[in-house]
Amino acid sequence: MKYIFLLLSLCFSAEIISQTIIKGTVKDAITGESLPGAAIIYGDGKGVTTDLDGKFQLDLGENGGKITVKFIGYKDYEQEIKARARLSNLEIELQPSELNEIEIIADIAIDRKTPVAFSDVSAIKIREELGTQDLPLILNSTPGVYATQSGGGDGDSRVNIRGFNQRNVAVMVDGIPMNDMENGQVYWSNWFGLDNVTQKVQVQRGLGASKLAIPAIGGSINILSQGIESKRNIVVSSEVGNNLNLRNSIGINSGVIGRGFGVTAAFSYRRNDGWVDQLGSRQMFYFLKLQKQWNRHSVSLSVMGSPQEHYQRLGRQRIQVFDTTYAKDLGATIDRTPGLILNQGLRYNGDWGYVTRDRGDDNAQEEVLNARKNYYHKPIFNLKHFWKINSNLALSNIVYASFGNGGGTRLNNIQRNAQGQLDGDFMYGRNTRVIPPALPFLPPTYPYNLTAVNDTSQYESDYYVQSSINRHSWYGLLSTLNYKINSNLDVTAGIDARYYQVENYQVVYDLLGGDYVYINDSQVLDANNPTRKVFREGDKINYHINSFVRQGGLFLLGEYEKNDWTAFVNVTGSINSYNRISYFALKDTTTNDWQQTGWQTFPGYTAKGGFKYRFNPRHSVYFNTGFLSRAQLMSNVFAGRTLSVNRNVENEMISSVEMGYVINNPDFRPAVNVYYTNWRNRPVTVPITDGTENYNAFVPGMQAIHYGIEFEAEYKVNKQITIDGVVSLGDWRWNSEATAYIFNEIGTAILDSLSFDTKGVRVGDAAQTQFSLGVRYEPVKGFYIKPRITYFDNNFADFSPEELQGDNGGRQSWKMPAYYMLDINMGYSYTFNKKYRAGIRLNLINVTDQMFITDATNGATFDASTAEVFMGQGFRWNVGLNFNF
């Protein structure tokens with residue numbers, strides 16, 4: 001009997017082995033969205049269609065054969081399958097057959113076509129791994145990216161690509177630029193909750209494929225939101241995490257409904273006490289997109305915003321403040337000068353304390369006083385119209401606008417207690433005369449003047465909170481015309497125009513028990529009352545300016561594709577103009593107008609191109625190069641918040657070359673690339689202050705060279721296990737000796753100069769070595785577990801060029817210790833009634849509770865003793881529940 005059973009088993013096994021079993025998914029090559037209903041044809045007209053998730057399964061028999069995939073609006077896809085192949089994770093990406101709205105508008109690179117280095121982060125990965133982190137943190141598993149949480153406040157994250165900070169990285173949402181037009185900065189707190197409606201995030205490294213007239217250097221981060229092309233669904237979710245981190249969200253996507261209409265909407269609310277002491281936040285997010293398609297037209301109107309309030313830790317501290325043992329392990333000499341703060345722990349935040357506001361109130365309660373609060377709301381509106389005039393011609397127009405209003409607070413003067421916290425009761429008591437004034441404690445520019453208001457019963461505030469206000473209006477137009485000359489050649493031309501107006505000023509925000517502040521400053525603080533010295537809550541102080549930015553440019557892009565070759569050439573030209581008005585300067589006596597800088601105009605241009613050659617459907621090489629002449633940002637043209645114009649400002653000059661090799665196997669997708677970037681006239685920060693903040697002084701001739709190699713791969717071991725990995729090795733160095741010139745208020749005389757030598761010094765502020773390894777294991781349908789380890793090394797402290805003078809010329813800044821972080825993500829989802837899905841997710845971040853440094857500024861001794869740092873956050877967790885229907 002056992003022999004019969006054995007024979008039957010062998011026959012059955014032979015039958016299975018002789019079969020050619022294919023399981024896979026059909027997706028849109030541009031958006032990554034699955035395509036339900038796609039037809040897979042094989043044999044003599046046999047076929048299957050993909051299910052709601054774009055998945056399919058078929059048996060080609062023992063001889064294998066060719067499969068053809070068809071879907072309306074897409075080019076046919078053909079692939080030869082070898083006999084007895086057993087493919088369980090075949091991914092088929094279909095290219096649109098006609099001009100595609102997303103491809104034209106959003107500057108998205110396309111696999112197997114665009115000759116640039118890029119990585120896609122899918123909505124699934126964001127959902128499974130992001131947890132409660134800011135969106136940039138998930139990008140640490142893509143090559144060349146270094147993202148940190150900085151001080152730890154919600155939305156205060158920063159991201160570098162190839163050693164270029166986010167001021168030099170183009171961040172876009174659906175192709176619309178988001179970088180601040182004043183200084184290029186990116187404020188992630190303005191977009192909390194965007195992950196709820198993200199279709200995918202694409203990171204392009206280097207010059208990239210963006211055709212915008214005002215380019216970036218390090219790369220681009222393009223966030224694509226969901227829309228009418230996505231599947232119809234409603235998602236309700238609730239999350240809870242460490243430190244009372246609570247979030248509730250709802251997202252709705254209608255897909256295409258009657259007569260071509262579609263709606264995408266999302267709402268999210270989050271409150272968090274913060275892992276770092278007293279870095280709480282309250283954030284709300286809203287998103288609404290209305291779409292309509294008819295004939296050859298598509299129109300969408302969208303608005304999104306995130307009104308928020310969160311506390312910040314902006315000041316870095318010496319390592320010994322957090323942990324003396326760790327500091328000594330790094331070779332630091334502990335400074336035990338009496339009064340210095342030691343061993344406060346990793347959560348330490350010195351920007352808060354307690355205060356009891358009991359002036360005239362016997363029942364006053366103790367409350368938290370936080371010196372650093374950011375409050376802002378920046379709604380963004382955009383209206384898009386896409387017109388496919390015919391099969392060869394398409395026109396796209398986007399009009400967008402944002403209106404920001406809010407500010408950030410700080411104390412004018414600080415008193416701390418023995419524990420290193422703000423001594424709110426001392427400051428309040430001094431202002432209300434409970435604690436008598438003592439002259440040594442008074443800042444020299446704030447003398448007591450109890451008779452300044454002719455009322456000795458009113459008290460002057462020694463200590464008060466001031467707020468820096470930013471109110472801006474931003475308008476833009478992005479118009480693109482695409483013409484398909486023939487089956488091989490496409491030409492795209494367009495206009496990129498932007499206008500930005502921002503009003504900046506500081507106000508007295510909180511007098512901490514006093515009645516007024518007396519500012520005995522030679523600067524005019526009220527042009528209408530030049531002798532005014534007394535200011536109350538809400539009054540403007542220190543500066544009040546209105547700045548204007550006008551940017552306009554033209555771009556032209558040619559794309560060629562024939563057989564196994566694709567190529568592109570992109571040229572742009574732009575004009576950048578800046579002007580500033582000061583309302584704290586006396587009016588011009590001749591014209592009676594406010595004093596202003598006058599328009600400062602700088603042209604710029606871009607020329608870049610590249611090609612890709614496919615040896616076969618799975619192997620390809622690419623090459624791209626480019627040259628940029630980029631106008632300096634406004635913050636590098638004007639000195640601080642003054643009317644002083646930095647003279648002899650020159651454009652940043654960037655040249656870059658990149659080449660790579662890509663393999664697109666169904667189960668194994670490795671890619672490797674090398675790059676070289678030369679950046680001349682790179683702006684640097686010098687320690688010049690206008691009394692409220694440091695600013696950038698232009699340094700002609702500053703040069704940095706960035707080169708390196710990047711590798712990433714994904715290997716689908718089987719249906720249950722997928723492994724992905726990243727290796728990035730960079731060598732980024734300064735390569736110049738230079739002099740910075742500091743001019744007076746009106747820019748006519750040199751007040752100071754700084755000569756320094758940075759030649760051969762490593763660029764700081766980002767890790768130059770990066771490794772990441774992740775494994776996704778799905779032992780049973782619906783359940784997954786994803787451990788991921790990320791490692792960073794060769795991370796040098798940021799520094800100011802003036803530190804490299806004299807004997808310190810060419811001296812390397814302090815190298816931070818290498819570190820790793822292990823995260824474990826897991827979840828389970830269950831589908832019932834074929835259309836409802838419920839899921840639970842658990843995110844464990846920094847599971848081993850590693851102690852490490854993420855950000856550092858070089859100190860006087862160029863070592864761990866005086867470096868000021870932000871420590872990485874310890875173990876955190878988050879649990880989420882969601883329901884899809």
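A quick note: this is a predicted structure, and the numbers were derived from the prediction, not measured.

A. Seen up close, the overall build of the protein chain. What the protein chain contains, in helices and strands, is seven helices and 51 strands. Looking at the protein chain as a whole, 56% of its 885 residues are labelled buried. When contacts within the protein chain are restricted to residue pairs at least 6 apart in sequence, long-range pairs at least 24 apart make up 68% of them.

B. Region of interest: the sheet that holds strand β27 (residues 422-423). One open sheet holds the three strands; their spatial order is β23-β22-β27, and the pairing between them is mixed. At either end of the open sheet lies a strand with only one pairing partner, and these are β23 (366-370) and β27. Sheet topology note: the strand β22 (residues 352-356)/β27 ladder contains two bridges and is parallel. Within the sheet, the bridge partner assigned to Gly353 lies in β27 and is Leu422.

C. Local environment of the packing of aromatic side chains. Following the criterion strictly, the structure yields 29 aromatic pairs and no others. Ring centres 5.3 Å apart and planes at 50° place the aromatic pair Phe164 and Trp679 in the tilted group. Of the two residues, Phe164 is situated in the loop between β10 (158-161) and β11 (169-173) and Trp679 in strand β37 (residues 668-680); the sequence distance between them amounts to 515 residues. Under the relative-accessibility criterion, Trp679 is labelled buried at 1%. Three or more aromatic residues link up through ring pairs in this structure, and these residues are Trp565, Phe611, Tyr613, Phe615 and Phe623. One residue, Arg162, lies across the ring of Tyr675, its end atom 3.9 Å from the ring centre. Taking the ring centre of Tyr505 as reference, the NZ or CZ of Lys540 above it sits at 4.7 Å.

D. Molecular detail of the sheet that holds strand β12 (residues 176-177). On the basis of which strands lie adjacent, the open sheet formed by five strands has the order β8-β13-β14-β11-β12 and mixed pairing. Of all the strands in the sheet, the pair left with one neighbour each is β8 (117-122) and β12. Of the pairings in the sheet, the one linking β11 to strand β14 (residues 219-225) comprises five bridges and is parallel in character. Within the sheet, the bridge partner assigned to Val169 lies in β14 and is Gly219.

E. Structural detail: the side chain of Thr264. Looking at where Thr264 falls in the secondary structure, it is placed in strand β17 (residues 261-272). Residue Thr264 is classed as buried on the basis of its relative accessible area, which comes to 1%. Separated by 3.3 Å, the side chains of Thr264 and Asn253 make a polar contact. Dropping the residues within four chain positions of it, Thr264 is found in contact with Val197, Gln226, Gly227, Ile252, Asn253, Phe287, Leu288, Lys289 and Gln291.

F. Region of interest: unusual backbone geometry. A positive phi is found at Arg162, a non-glycine position, where the angle reads about 55°. Overall, Arg162 belongs to the buried group, its relative accessible area being 2%. Phi is positive for Asn563, close to 50°, though the residue is something other than glycine.

G. Highlighting helix α6 (residues 424-431). Along α6, seven of the eight residues are buried, which leaves the element largely enclosed by surrounding structure. For α6, every residue scored as buried is listed here: Gly424, Phe426, Met427, Tyr428, Gly429, Arg430 and Asn431. Where α6 is buried, its residues touch β22, β23, β26 (393-411) and β27. Count one or two residues on from α6 and you reach Arg433, which has phi positive near 65°.

H. Highlighting a nonpolar patch on the surface. Residues Met659, Val674, Ile709, Leu729, Phe771, Leu773, Ile789, Tyr791 and Tyr820 make up a contiguous nonpolar surface patch of about 700 Å² in total accessible area. At the level of secondary structure, the elements contributing two or more residues to the nonpolar patch comprise β44 (767-780) and β45 (783-796). In this structure, Leu773 sits in strand β44.

I. Local environment of the nonpolar core. Within the largest apolar cluster, 50 residues are counted, with the highest numbers of intra-cluster contacts made by Leu139, Trp191, Leu194, Val201, Ile221, Ile223 and Met304. The dominant element in this core, judged by the number of residues it contributes, is β11, at four residues. Every residue in contact with Leu194, bar those within four places of it in the chain, is listed here: Val173, Ile223, Phe285 and Met304. One finds Val276, Leu279, Leu346 and Ala864 within the second-largest nonpolar core, a separate group that totals 22 residues.

J. Quick look at a negative patch on the surface. Judged by side-chain charge, Asp358, Asp361, Asp362, Glu366 and Asp425 come together as a negatively charged surface patch. Within the secondary structure, Glu366 sits in strand β23.

K. Quick peek at the pattern of salt bridges. Within this structure, the stated rule accounts for 36 salt bridges. Residues Lys289 and Asp174 are paired through a salt bridge, measuring 3.8 Å at the closest nitrogen-oxygen approach. Of this pair, Lys289 sits in strand β18 (residues 281-294) while Asp174 is found in the loop between β11 and β12, placing the two residues 115 residues apart along the sequence. Accessibility assignment for this pair places Lys289 and Asp174 in one class, buried. Here the residues in one salt-bridge network are Glu128, Glu129, Asp724, Arg776, Glu778, Lys786 and Arg788, joined through shared partners.

L. Representation of the pairing of strand β32 (residues 540-562). Bridge analysis of strand β29 (residues 489-510) against β32 gives 19 bridges, and the strand direction is antiparallel. Bridge pairing in β32 places Thr492 opposite Leu557. In this sheet, strand β33 (residues 565-582) lies alongside β32 in antiparallel orientation, the contact comprising 18 bridges. For Phe555, the partnering residue across the bridge sits in β33 and is Thr572. Linkage of β32 to β33, two consecutive antiparallel strands, is achieved through a turn of two residues, within which Asn563 is found at a positive phi near 50°.

Rules used throughout
- Residues numbered from 1 in each chain as written.
- Predicted model: local features only at pLDDT ≥ 70, side-chain atom pairs only at ≥ 80, totals over all residues.
- Heavy atoms only, no water.
- Helix = DSSP H or I, 4+ residues; strand = E, 2+ residues; numbered from the N terminus.
- Buried < 20%, exposed > 50% of the residue type's maximum accessible area, 1.4 Å probe, protein only.
- Contact = heavy atoms within 4.5 Å.
- Pairing = 2+ DSSP bridges.
- Phe/Tyr/Trp six-rings, centres within 6.5 Å; stacked < 30°, edge-to-face > 60°.
- Lys NZ or Arg CZ within 6 Å of the ring centre and 35° of its normal.
- Polar contact = N/O pair within 3.5 Å; in protein donor to acceptor, adjacent residues only side chain to side chain.
- Patch = residues over 30% accessible without salt bridge, like charges linked within 9 Å, V, L, I, M, F, W, Y side chains within 5 Å.
- Areas by Shrake-Rupley, 256 points an atom, 1.4 Å probe, with all protein chains shown as cover.
- Salt bridge = Lys/Arg side-chain N within 4 Å of Asp/Glu carboxyl O.
- Core = buried A, V, L, I, M, F, W, Y, C linked by side-chain atoms within 4.5 Å.
- Lys, Arg positive; Asp, Glu negative; His and termini not counted.
- Charge placed at Lys NZ, Arg CZ, Asp CG, Glu CD.

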